[in-house]
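Architecture and fold: a report
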Amino acid sequence: MKEGQLSQSIYERSVLKEFQREQVRIYKGAEDNCAFLAGLFQTETFALSHESVAAMALYMAANALLAQGGRPVGAGLNLIFTTRQSESFLKKVIRAAAAVFREYGMCLLACQVEVIDAVTAPMAAVTVVGTKEKERSEAVLAGQDVVMSKFLALGATAVLAQVKEEDILARYSRHLLEQARCLKEYLNVTAEAALAEKSGVSAMCHVNKGGVFGALWEMADRAGIGLSIDLKAIPVKQETIEISEIYDVNPYEMLGTGSLLMIADDGHELVRTLQAEKIPAAVIGKTTADHDRVILNEGESRFLEPVKPDEILKVL
């Protein structure tokens, strides 16, 4: 594509056309589009030379808003492409993003698309906005259970299965690759967030950049409490372990979009509630009165550290 702002014709046929008319809430135009909506908002950015670049950023932002007790209702997109990308690639990016909009029931509030030769990979910056019925007290106490939904490093595994097919097939079977790709079905946390709210959890945190270790640190730091986490209790798919070994990366510090951390008085009851709705979950530890954030692994212990750069950056 040519450098600069998209032409009106390309914007019409390759952006707006991918959305159903009732999904769009912007003033029509490639340059001057805007919308107005009051409420919560969450912004995320993601860079990836793949058609899922905007879709992943949307999942990340929408899940973060859900973890705050909000309901996503719309999102704005700011997409930057290189001149090496074609209009057909743009269409694939928008099509994948539009599918996520439908999945969450969101409308498109704004969409800015630019082509800049200086960037090295396509980048998506998204802002998801939503409503919130009531504030959660987030009174976290010592002795509560820490629950994790779904599995470790879901977002990273799903992304790598899409963009590193040759590497994976050089080591493992196509069956493992397809199983890893299927993990994208877990990326939406709407169901477990709603169940957690009804169950009266004390706090929630989505697992995002920096992986589950980063999310645990962030949640504990925000609540001002300590943690004692059993490493072996953190649920993980074999596909994630195998793919992580190819690149010698730590899956506990990789993009975990699709999982929630929840603090509850009775984590085992919350797990039963989630599992009754076919949502995998496990109690992975306890909150503590001190400020130590400890990971236990078969008799050995280590301290959590502040959020680090995501391990997936070593691969992509």
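You'll find the structure just up there.
Summary of the structure given here. (Residues numbered from 1 in each chain as written. Predicted model: local features only at pLDDT ≥ 70, side-chain atom pairs only at ≥ 80, totals over all residues. Heavy atoms only, no water.)

**Re unusual backbone geometry**
When glycine is set aside, most residues are seen to have a negative phi, and most peptide bonds are trans. The phi dihedral of Ala153 falls on the positive side, at around 50 degrees, and the residue is not glycine. In this structure, Ala153 sits in the loop between strand S6 (145-149) and helix H4 (154-163). Positive phi, close to 50 degrees, is recorded for Glu298, a residue that is not glycine. Checked against the element boundaries, Glu298 lands in the loop between strand S11 (293-297) and strand S12 (300-303). Since its relative accessible area comes to 69%, Glu298 is described here as exposed. (Helix = DSSP H or I, 4+ residues; strand = E, 2+ residues; numbered from the N terminus. Buried < 20%, exposed > 50% of the residue type's maximum accessible area, 1.4 Å probe, protein only.)

**Comments concerning the packing of aromatic side chains**
According to the stated counting rule, one finds four aromatic pairs in the structure shown. Summarising the aromatic geometry, the rings of Phe151 and Tyr186 are spaced 5.5 Å apart at their centres and angled 80 degrees between planes, so their arrangement reads as edge-to-face. Of this pair, Phe151 sits in the loop between S6 and H4 while Tyr186 sits in the loop between helix H6 (174-181) and helix H7 (190-199), placing them 35 residues apart in sequence. For Phe151, a relative accessible area of 12% gives the class buried. For Tyr186, a relative accessible area of 24% translates into the label partly exposed. Here Arg293 stacks its cationic end above the ring of Trp217, 4.8 Å away from the centre of that ring. (Phe/Tyr/Trp six-rings, centres within 6.5 Å; stacked < 30°, edge-to-face > 60°. Lys NZ or Arg CZ within 6 Å of the ring centre and 35° of its normal.)

**Description of the layout of surface pockets**
Each pocket or cavity is described by its volume, and for the largest pocket that value is around 490 Å³. Those elements giving two or more residues to the lining of the largest pocket turn out to be strand S3 (71-81), helix H3 (87-104) and H7. Element by element, the count of residues in the lining of the largest pocket is highest for H7, at five residues. Considering only residue class, the lining of the largest pocket consists of six nonpolar, five polar and nine charged. (1 Å grid on protein atoms, 1.4 Å probe; cavity = no way out; pocket = protein on both sides within 12 Å on 5 of 7 lines; lining within 4 Å. Points joined across faces, edges and corners; volume = space filled by probe spheres on them. Nonpolar A, V, L, I, M, F, W, Y, C, P; charged D, E, K, R; others polar.)

**Brief notes about the pairing of strand S9 (residues 260-264)**
With five of five residues buried, S9 lies mostly within the body of the structure. When S6 meets S9, the two strands line up antiparallel, connected through four bridges. Among the inter-strand pairings, Asp145 is bridged to a residue of S9, identified as Ala264. (Pairing = 2+ DSSP bridges.)

**Digging into the nonpolar core**
Formed by 104 residues in total, the largest nonpolar core has its most connected members in Leu58, Val212, Leu216 and Leu261. Element by element, the count of residues in this core is highest for helix H2 (residues 53-67), at 13 residues. Once residues lying within four places of it in the same chain are set aside, the contact partners of Val212 are Met148, Leu152, Val207, Ile234, Tyr252 and Leu261. (Core = buried A, V, L, I, M, F, W, Y, C linked by side-chain atoms within 4.5 Å. Contact = heavy atoms within 4.5 Å.)

**Considerations on H7**
Every buried residue of H7 is listed here: Glu192, Ala193, Leu195 and Ala196. All buried residues of H7 lie within an arc of 165 degrees about the axis, which places them on one face of the element. Check the buried side of H7 and you find it contacts H2, S6, strand S7 (203-206), S9 and helix H10 (267-276). A positive phi of about 75 degrees marks Gly200, the residue just after H7. (Arc of directions from axis to C-beta.)

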